[in-house]
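# Examining the three-dimensional arrangement
Okay, here's what each chain looks like letter by letter:
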Amino acid sequence: MPARIDSLHFGGQPALALTTPDGASAVVSLFGGQVLSWTPAGGSEWLYLSPQARFDGSSAIRGGIPVCFPQFAGLGRLPKHGLVRNRPWSVAEQRCGDGYALVTLAVSEDDASYAVWPQNFTAELTAVIEGGRLDLEFEVANTGHAPFAFTAALHTYLRVREVENARLEGLYGHEYRDAANGDRIVRDSGDALIVEGETDRVYHGVERPLLLRDGNRSLGIQVEGFPDVVVWNPWEQRCAELPDMPANGFRHMLCVEAAAARQRIELDAGEDWCGRQSLIAL
Ligand code: TA6
């Protein structure tokens, strides 16, 4: 039985379902160019999707892997997290091979983006599932005649059984901007990050792979091209302020995001840039 890709509607939005012969699967929404679900071969779901996520286009879908571009968070004058997480993307490529399934979704400027950010661009997200891996590649091309600069992130919502029992390893010694504490700069000194309250950190210059331990399962997280890693959990009070999250939703999610946040990436006309995040079930 070969790998396959099927078109379907997920929450009313067009999506693609990827499956491989060894039982890996993923769902990718064309709205937002967003991976919503990923189960590695022989494993269980690794992405958190809020049961109260909205699919009516009125906001970004809460969960999975939203794409933040051309602005991460509130680092500029554009809407929070940019312009593409709540827009329809199109399918640029879909392909199945020996044990893998691949889709590439793309989005470009339109009148609405041009009105607030007058740049010509193409952004592409490629998602590949194979065995225990999900490989994501985010590519940005400057298709206009003038340079532009951007920040970006793959805002990956990981599903955890109980966030206080999860351990994120690999950030020791790195400096981070603590957005939950007045943006002060802190050096991480713990051998593992354990979330026990509101956490919103931008770790700078992370080159090592990370390891997330969640009960009896673990996930390797590898990043290339994106210089920063964002770790976010809203905790109880901020979670209660999010209309598309259940009250206890924060207990079952931990965002570990591949980001270019500290420094903007500059692209001349005709140039492109690419960043990757891989999730590897161990
Ligand atoms: O990546 C972390 C962050 O920027 C947090 O500050 C938090 O607000 C989160 O993203 C979610 O943002 P959203 O606009 O999706 O509610």
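Read on for a plain summary of the structure. Everything numeric in this text was worked out from a predicted model, so none of it was measured.

### Comments concerning a negative patch on the surface
Taken together, the side chains of Glu-266, Asp-268, Glu-271 and Asp-272 make up a negatively charged region of the molecular surface. Structurally, Glu-271 is set in the loop between β20 (253–267) and β21 (272–281). Given the relative accessible area of 36%, Glu-271 is considered partly exposed.

### Description of the pairing of β21
In terms of strand pairing, strand β9 (residues 133–142) meets β21 through nine bridges, oriented antiparallel. Each residue of the ladder has a partner; that of Leu-136, found in β21, is Gln-277.

### Topic: the site of the ligand
The ligand sits among Arg-62, Phe-72, Ala-73, Lys-80, His-81, Arg-85, His-155, Asp-200, Val-230, Trp-232 and Glu-257. For the ligand, an oxygen atom lies 3.1 Å from a polar atom in the side chain of Arg-62. Interatomic distance of 2.9 Å between a side-chain N/O atom of Glu-257 and an oxygen atom of the ligand. When isolated, the ligand has an accessible area of 390 Å², and the protein chains bury 85% of it. The cavity that encloses the ligand is the largest pocket. When grouped by side-chain class, the residues that make up the shell around the ligand number four nonpolar, two polar and five charged.

Reading the values: rules and limits
- Residues numbered from 1 in each chain as written.
- Predicted model: local features only at pLDDT ≥ 70, side-chain atom pairs only at ≥ 80, totals over all residues.
- Heavy atoms only, no water.
- Patch = residues over 30% accessible without salt bridge, like charges linked within 9 Å, V, L, I, M, F, W, Y side chains within 5 Å.
- Areas by Shrake-Rupley, 256 points an atom, 1.4 Å probe, with all protein chains shown as cover.
- Salt bridge = Lys/Arg side-chain N within 4 Å of Asp/Glu carboxyl O.
- Lys, Arg positive; Asp, Glu negative; His and termini not counted.
- Charge placed at Lys NZ, Arg CZ, Asp CG, Glu CD.
- Helix = DSSP H or I, 4+ residues; strand = E, 2+ residues; numbered from the N terminus.
- Buried < 20%, exposed > 50% of the residue type's maximum accessible area, 1.4 Å probe, protein only.
- Pairing = 2+ DSSP bridges.
- Near = heavy atom within 4 Å.
- Polar contact = N/O pair within 3.5 Å; in protein donor to acceptor, adjacent residues only side chain to side chain.
- 1 Å grid on protein atoms, 1.4 Å probe; cavity = no way out; pocket = protein on both sides within 12 Å on 5 of 7 lines; lining within 4 Å.
- Sits in = over half its atoms within 2 Å of the grid points.
- Nonpolar A, V, L, I, M, F, W, Y, C, P; charged D, E, K, R; others polar.

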